[in-house]
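# What the coordinates show
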Amino acid sequence: MASQNKRIAKELGEVTTSPPAGITVTLPNDSDLHKWHVVLEGPENTVYAGAKFGLIVSLPVEYPFKAPTVTFATRIYHPNVTNDSIGSICLGPLKAENWKPSTKLAGVLEAVRALLAEPMPDDPLEARIADEYRSDRKEFDKNARVYVQRYAKGAVKFDALAAAAEADAKKGAGAGAGSGSSAGGGAP
Amino acid sequence: MDTDDDFMSNVSSEDDMLPDDSDNDISGDDDFGFDDEPDAYIDSQKEIGNKRKTAYDISFKVYQPADVQKQQDDFIDEVNMILDISKEEAAILLRYFRWNKERLIEDYMDRPSQVLEAAGLAQTSAALPKMQVIPGFVCDICCEDEPGLQSFALKCNHRYCVDCYRHYLSQKIRGEGEAARIQCPSEGCNLIIDARSLDLLVTPELTERYHELLHRTYVEDKETLKWCPAPDCQNAIECGVKKKDLDKVVPTVSCLCGHRFCFGCIVNDHQPAPCEQVKRWLKKCADDSETANWISANTKECPKCNSTIEKNGGCNHMTCRKCKHEFCWMCMGLWSEHGTSWYNCNRFEEKSGTDARDAQAKSRVSLERYLHYYNRYANHEQSARLDKDIYHKTEKKMVQLQKESGMSWIEVQYLNSASQALQTCRQTLMWTYAFAFYLARNNLTEIFEDNQKDLEMAVEALSEMFERPITELAEPKLKVEIMDKTSYCNKRRVILLEDTAQNLADGRWTFNSELIGSGANGSSSTRR
Ligand SMILES: [Zn+2]
Ligand SMILES: [Zn+2]
Ligand SMILES: [Zn+2]
Ligand SMILES: [Zn+2]
Ligand SMILES: [Zn+2]
Ligand SMILES: [Zn+2]
């Protein structure tokens, strides 16, 4: 897979020497070109301004013939990002049927940043947040800012578990709106 | 894309570049869309509900792989001649238009260059595709730049090395099962890779899979064609029953391989219950599986002496080994009563509303009612399996019998026919109970229940004969009885299906609205 590394190395070189606005890429492990850590600065004039989000980019061995996966390591309140410790994103170019091997990661990262400025509530991962975004923008803005204050200030953490644990500790008494725990079972 | 907008809005109501995806657009084609195809189903369409002799028996055709290939070739040849374009291009255009030939021809006549553009065939005059070595070329996918690197580009001139092209195709074909609509690897380029280019690039390991996928699009894109779902079967079935007809007809088809399935939902034959009910019923059974599990258990206690009785044949007439008590496995009632006119093992006695005043009592009644029907449904399913086991055992013995008694292979086929009849009839009986569960009482339900009872009694009688020792089976007298009973069972089944199908087509059944779910529409079948 030497030639695929050549491609990845080239992309990495380009994205570190002339990074797109608000995007910083590092390798957590120098010997592993397939895992990138990205710090994404919230775009100006948005509810996310001043925030720093950690993104984890994983390149499959088949890269660039298979799409990379990009997840938020930092919790974010957004219609197109799952509101959990996994932080999955719904992004057109990353879907298998849309992915093209000539697509560059720099472009993908810019698309993620653009998604923060311009959410797509019609194609949501969090239907409730999408509804709120459309019908009660004030409330949405407020919640998004609360999340920024709680999770996206200070040093960026990429270990999702550590981040989640810390978040839980911070959460304390106040946050009753935690998602994720569905009332399973099914006993009548 | 701007220039395409106008064109696309004519071709399709969608903006994903694929025509004919939506029903609203294509449904108008029913009248003219298929007028010169091999079309037995057109007749069936017209016949449903009025002049046809059997309402439950829909017409369909089975096509073997060579027939499917021939149909595609005929389409391609015709388009090739009418539009004066190459066969490769005709094939690509047909696949792009999801094999709607009329629409392709019409659109192509109107605006050929836009159609070619949209289908990925822009600039048809270009030379045949070829691999090239271009000095100073750097592949934008793998970043290789070594001299002598073979490269390839479509008409859009997005050039990549051949290795990358092959990786890409392999990912699409093997990984994603895509074949007819693979685009240029360049980001944002919608040009579809044409068949000639693919033939050049696809490596031998992939060719077979690639052609198989191309072949499949023909059937998958046509509403009137479905693959037979039996494992290893390559046949396709053609049937004219449309999605919107499925509350009026249960389109059971049977493949040359012997598999019988519903053309509407691909589930095994589920006549007389309509597809929507089947879906609901299967979901309900899955949701309530724990409540109902005990029913399909293989052992029960004798209602008289309480000794454990195991069921190992399909027949529901049980005789306790210990006390010789004869009873019915389904209702645990006396078997002797089952032959009489007031036999009502199949009917659930609806309790009057006053019996169930409070919610708890109501829910108990509704559970009892469900269990009544589920019990019988599950029982026939299980019995069909057990009948089959018995047949396999019998089959072995029959071979032995053939040797000993000198009966010919043909002479023992009556057992095969009996086994087939048991399987088919139990399959039908099984679904009559799902059907009955959703059925609301009206003046027709009694006839249905009588038909159900008659079929059930006939089936149990045949099933019982079937379990007799091998030596008796060979006796001419029993042989004749089995043959008579077999044809009687088949006849009763046809009568039942005919009645249910006719009433379904005419919208005369009423279904329990609270069970169907949509409270507004009690009798979904009376809608027009
Ligand atoms: Zn390459
Ligand atoms: Zn291209
Ligand atoms: Zn078949
Ligand atoms: Zn069906
Ligand atoms: Zn007993
Ligand atoms: Zn009974």
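Above this note sits the structure.
This report concerns the structure included in the present document. All figures in this text were calculated on a predicted structure; none of them were measured in a lab. (Residues numbered from 1 in each chain as written. Chains lettered and ligands numbered in written order. Predicted model: local features only at pLDDT ≥ 70, side-chain atom pairs only at ≥ 80, totals over all residues. Heavy atoms only, no water.)

## Focus on the overall build of chain B
A count of helices and strands for chain B gives 18 helices and twelve strands. By the burial criterion, 50% of the 528 residues in chain B qualify as buried. Summarising the internal contacts of chain B: among those between residues at least 6 apart in sequence, 61% fall at separations of at least 24. In the form shown here, chain B has an accessible surface area of approximately 25800 Å², with 49% of it arising from carbon and sulfur atoms. (Helix = DSSP H or I, 4+ residues; strand = E, 2+ residues; numbered from the N terminus. Buried < 20%, exposed > 50% of the residue type's maximum accessible area, 1.4 Å probe, protein only. Contact = heavy atoms within 4.5 Å. Areas by Shrake-Rupley, 256 points an atom, 1.4 Å probe, with all protein chains shown as cover.)

## A few points about the coordination of the zinc ion (ligand 5)
All names here are of chain B. Around the zinc ion (ligand 5), the protein contributes the donor atoms C302 (SG), C305 (SG), C320 (SG) and C323 (SG), which lie 2.2 to 2.4 Å from the metal centre. Summarised as a motif, the one-chain spacing of the donors to the zinc ion (ligand 5) is C-x2-C-x14-C-x2-C. Taken together, the positions of C305 in the loop between β9 (299-301) and β10 (308-310) and C320 in the loop between β11 (317-319) and β12 (326-328) put the pair 15 residues apart, joining distant regions of the chain. Overall, the relative accessible area of 1% leaves C320 in the buried class. (Donors = N, O, S within 2.8 Å, 3.2 Å for Na, K, Ca; no water.)

## Focus: the pattern of salt bridges
Across all of its chains, the model carries 33 salt bridges over all chains by this definition. Between R216 of chain B and E220 of chain B there is a salt bridge, with its nearest N and O atoms 3.1 Å apart. Of the two residues, R216 of chain B and E220 of chain B are both situated in helix α10 (residues 204-220); the distance of four residues between them amounts to about one turn of the helix. Given a relative accessible area of 28%, R216 of chain B falls into the partly exposed group. Linking D387 of chain B and R426 of chain B is a salt bridge whose minimum nitrogen-to-oxygen distance equals 2.7 Å. One end of the pair, D387 of chain B, is in helix α13 (residues 359-405); the other, R426 of chain B, is in helix α14 (residues 413-438), with 39 residues separating them in the sequence. Considered together, D387 of chain B and R426 of chain B belong to a single accessibility category, that of buried residues. Linked by salt bridges that have partners in common, K6 of chain A together with E144 and D145 of chain B make up one network. (Salt bridge = Lys/Arg side-chain N within 4 Å of Asp/Glu carboxyl O.)

## Quick notes on the coordination of the zinc ion (ligand 4)
Residue and element names in this part refer to chain B. The zinc ion (ligand 4) binds to the protein through C262 (SG), C265 (SG), H270 (NE2) and C275 (SG), with metal-donor distances spanning 2.0 to 2.3 Å. Around the zinc ion (ligand 4), the four donor atoms sit at angles spanning 101 to 119°, and that spread fits a shape best called tetrahedral. Donor residues for the zinc ion (ligand 4) sit on one chain with the sequence pattern C-x2-C-x4-H-x4-C. You can see C262 sitting in strand β8 (residues 260-262) and its partner C275 sitting in helix α11 (residues 275-287), a full 13 residues away along the chain. Residue C262 is classed as buried on the basis of its relative accessible area of 0%. (Tetrahedral: all angles 85-135°; square planar, octahedral: opposite > 155°, others 65-115°.)

## Considering the sheet that holds strand β1 (residues 60-63) of chain B
Residue and element names in this part refer to chain B. Spatially, three strands are ordered β1-β6-β5 in an open sheet, and the strand pairing comes out antiparallel. Bordering the open sheet on either side are β1 and β5 (225-227), each of which pairs with just one other strand. Here the strands of the sheet are splayed against their neighbours by 25° on average, with no regard to which way each runs. One ladder, built from three bridges, connects β5 with strand β6 (residues 236-239); its direction is antiparallel. Bridging across to β6, K226 finds its partner in I237. Packed on one face of the sheet, helix α4 (residues 65-83) meets β1, β5 and β6 and runs near 100° to β1. Sheet strands in contact with α10 are β5 and β6, and its direction is about 130° off that of β5. (Pairing = 2+ DSSP bridges. Axes fitted to C-alpha atoms, helices over the stretch in contact; angles between N-to-C directions.)

## Describing the interface of chain A and chain B
With 16 residues of chain A at the interface, the matching set in chain B holds 19 residues. Overall, the association of chain A and chain B removes approximately 1500 Å² of surface from exposure, summing both partners, and the carbon and sulfur fraction of that is 54%. Along the contact surface separating chain A from chain B lie three salt bridges. A salt bridge links K6 of chain A to D145 of chain B, with the nearest nitrogen and oxygen atoms 3.8 Å apart. Where chain A packs against chain B, one counts nine residue pairs in polar contact (both at pLDDT 80 or more). (Buried area = accessible area lost by both parts, 1.4 Å probe. Polar contact = N/O pair within 3.5 Å; in protein donor to acceptor, adjacent residues only side chain to side chain.)

## Things to note about the packing of aromatic side chains
To describe a pair of aromatic rings, one takes the distance between the centres and the angle between the planes. All names here are of chain B. Tallied over the full model, the rule gives 30 aromatic pairs over all chains. On the numbers, 5.5 Å between centres and 85° between planes, the contact of F435 with W509 is edge-to-face. Here F435 is found in helix α14, whereas its partner W509 is found in the loop between α17 (476-505) and α18 (513-516), with 74 residues between them in sequence. For the pair F435 and W509, a shared accessibility class is recorded, and that class is buried. (Phe/Tyr/Trp six-rings, centres within 6.5 Å; stacked < 30°, edge-to-face > 60°.)

## Looking at the nonpolar core
One recurring pattern in soluble globular proteins is that nonpolar side chains are buried together. Of all hydrophobic cores here, the largest spans 60 residues; its most connected members are L93, L104 and L169 of chain B. In this view, L93 of chain B contacts I85, L104, Y108, V115, L116, A119 and L121 of chain B; residues no more than four positions away in its chain are not counted. The next biggest cluster of nonpolar side chains, apart from the first, holds 42 residues, and it includes I76, L94, F140 and A144 of chain A. (Core = buried A, V, L, I, M, F, W, Y, C linked by side-chain atoms within 4.5 Å.)

## Section: the pairing of strand β1 (residues 23-26) of chain A
Residues and elements named next belong to chain A. Burial of the side chains of β1 is restricted to one face: I23 and V25 are buried, whereas none of T24 and T26 on the reverse face is. Sheet topology note: the β1/strand β2 (residues 35-41) ladder contains four bridges and is antiparallel. Bridge pairing in β2 links T24 to V39.

## Observations regarding the side chain of N379 of chain B
Residues and elements named next belong to chain B. Tracing the backbone through its elements, the reader meets N379 in helix α13. Residue classification places N379 among the buried positions, given a relative accessible area of 2%. Beyond its immediate chain neighbours, meaning those up to four positions away, N379 contacts K300, K311, N316, W329 and M330.

Everything listed here is a matter of coordinates, which is why it stays silent on function.
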